Structure formats: structure tokens, C-alpha cells
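Chain residues, written in single-letter form:
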Amino acid sequence: AASSTIIIRRTGSHRAAMASAAQGPARASFRSIMRAAREFPDVNIKSWIERRAREDFRKLVGETDKQVIAAAIAKAEEHVKLLQRSSAVYSMYAPKHATILNVPKDK
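For clarity, every value in this text was computed on a predicted model and none was experimentally measured. (Residues numbered from 1 in each chain as written. Predicted model: local features only at pLDDT ≥ 70, side-chain atom pairs only at ≥ 80, totals over all residues. Heavy atoms only, no water.)

(A) Main features of the overall build of the protein chain. Check the secondary structure of the protein chain and you find three helices and two strands. In the protein chain, the succession of α and β elements from N to C terminus is β-β-α-α-α. Counting over 107 residues, the protein chain shows a buried share of 21%. Put simply, 54% of the contacts in the protein chain that link residues at least 6 apart link residues at least 24 apart. For the protein chain, the exposed surface amounts to about 8000 Å²; the carbon and sulfur share of it is 55%. (Helix = DSSP H or I, 4+ residues; strand = E, 2+ residues; numbered from the N terminus. Buried < 20%, exposed > 50% of the residue type's maximum accessible area, 1.4 Å probe, protein only. Contact = heavy atoms within 4.5 Å. Areas by Shrake-Rupley, 256 points an atom, 1.4 Å probe, with all protein chains shown as cover.)

Quick look at the structure:
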């Protein structure tokens, strides 16, 4: 039987509280989204995906309803699949020119 205790963790200026049974899958989903975001060659898209993921997961802080948490994790897993498909297509048609953020610095 899964424990229903609540773990409180200090993250920056936020206090995160989530049922311990859902904490592992939620963290795994968040990390999967961050990994999928890194696959995009465009820095703007990458940072937008990362920012949206942080915002969406911060909305779940303090959520105790297991159905809401399970639905959010399922939605995040679908987003990971979508991001993986999108990054594959985007990399085929991405602009071939370098942006200022991708140009190596001269030493």
C-alpha cells in the first residue's frame, strides 16, 4: 500500500507539497519534457517549452487529489510524445543559418 504522507520540500522561494506516491512520476514527466525541449535547435522554442513546463507543474504544487495528479501526469506524457514528434519535424526544416546564440565565440 502506498503511503499517503505529504513531503514538503523547499524549492527556491516556493514550498512544494505533493503526495509522495505521485512525486516520482510527476518528477519523471517533468524531466522528460525538459529532455524533449533540449532536442529543439531553436533557443526560443526551447526556452518557451521549458517555461511552460515549469508553469504547468507549479500549478500542481499542493494538489492532493490523486485523479487530478494522474490526469496531469498523463497529459504531460502525451506532451512529451508531441514534443518528440515536433522536434523531429522541426529539425528537418529548421533554418540552416546560425543565430547569434549559436555562433561560437572567438578566443
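Having seen it, we continue.
(B) Fine view of the nonpolar core. Core analysis: the largest hydrophobic core is formed by 15 residues, its most contacted members being Ile 33, Ile 49, Phe 57 and Leu 83. Looking at this core, the elements that each hand over two or more residues are α1 (20-38), α2 (43-58) and α3 (66-93). Setting aside its immediate chain neighbours within four residues, Ile 33 contacts Ile 49, Ala 53, Phe 57, Ala 76, Val 80 and Leu 83. (Core = buried A, V, L, I, M, F, W, Y, C linked by side-chain atoms within 4.5 Å.)

(C) Broad picture of the side chain of Ser 87. By the secondary structure assignment, Ser 87 is in helix α3. Taking relative accessible area as the criterion, Ser 87 reaches 8% and is therefore assigned buried. A distance of 3.1 Å separates the side chain of Ser 87 from the backbone oxygen of Gln 84, its partner in a polar contact. (Polar contact = N/O pair within 3.5 Å; in protein donor to acceptor, adjacent residues only side chain to side chain.)

(D) A look at the environment of Ile 69. By the secondary structure assignment, Ile 69 is in helix α3. By relative accessible area, Ile 69 is classed as buried at 2%. Distance in space between the C-alpha atoms of Ile 69 and Pro 25 is 9.7 Å, their sequence separation being 44 residues.

(E) Spatial organisation of the pattern of salt bridges. Under the defined criterion, the tally for this structure stands at three salt bridges. Ionic pairing is found between Arg 52 and Asp 56, a salt bridge with its closest N-O pair at 3.7 Å. Separated by four residues within a single helix, Arg 52 and Asp 56 lie in helix α2, roughly one turn from each other. Here Arg 52 falls in the partly exposed class, since its relative accessible area comes to 35%. The residue Lys 81 makes a salt bridge to Glu 78 at a minimum N-O spacing of 3.8 Å. (Salt bridge = Lys/Arg side-chain N within 4 Å of Asp/Glu carboxyl O.)

(F) Fine view of α2. Taking 1.5 Å of rise per residue, 16 residues should cover 22 Å, and α2 covers 22 Å from first to last C-alpha, within 8% of that figure. What α2 keeps buried is the set Ile 49, Glu 50, Ala 53 and Phe 57. Summarising the axial view, the buried residues of α2 lie within an arc of 95°, below the 170-degree limit, and thus occupy one face. Measuring from the backbone nitrogen of Asn 44 back to the side-chain oxygen at the start of α2 gives 2.9 Å, which picks out Asp 42 as the cap. (Expected span 1.5 Å × (residues − 1). Arc of directions from axis to C-beta.)

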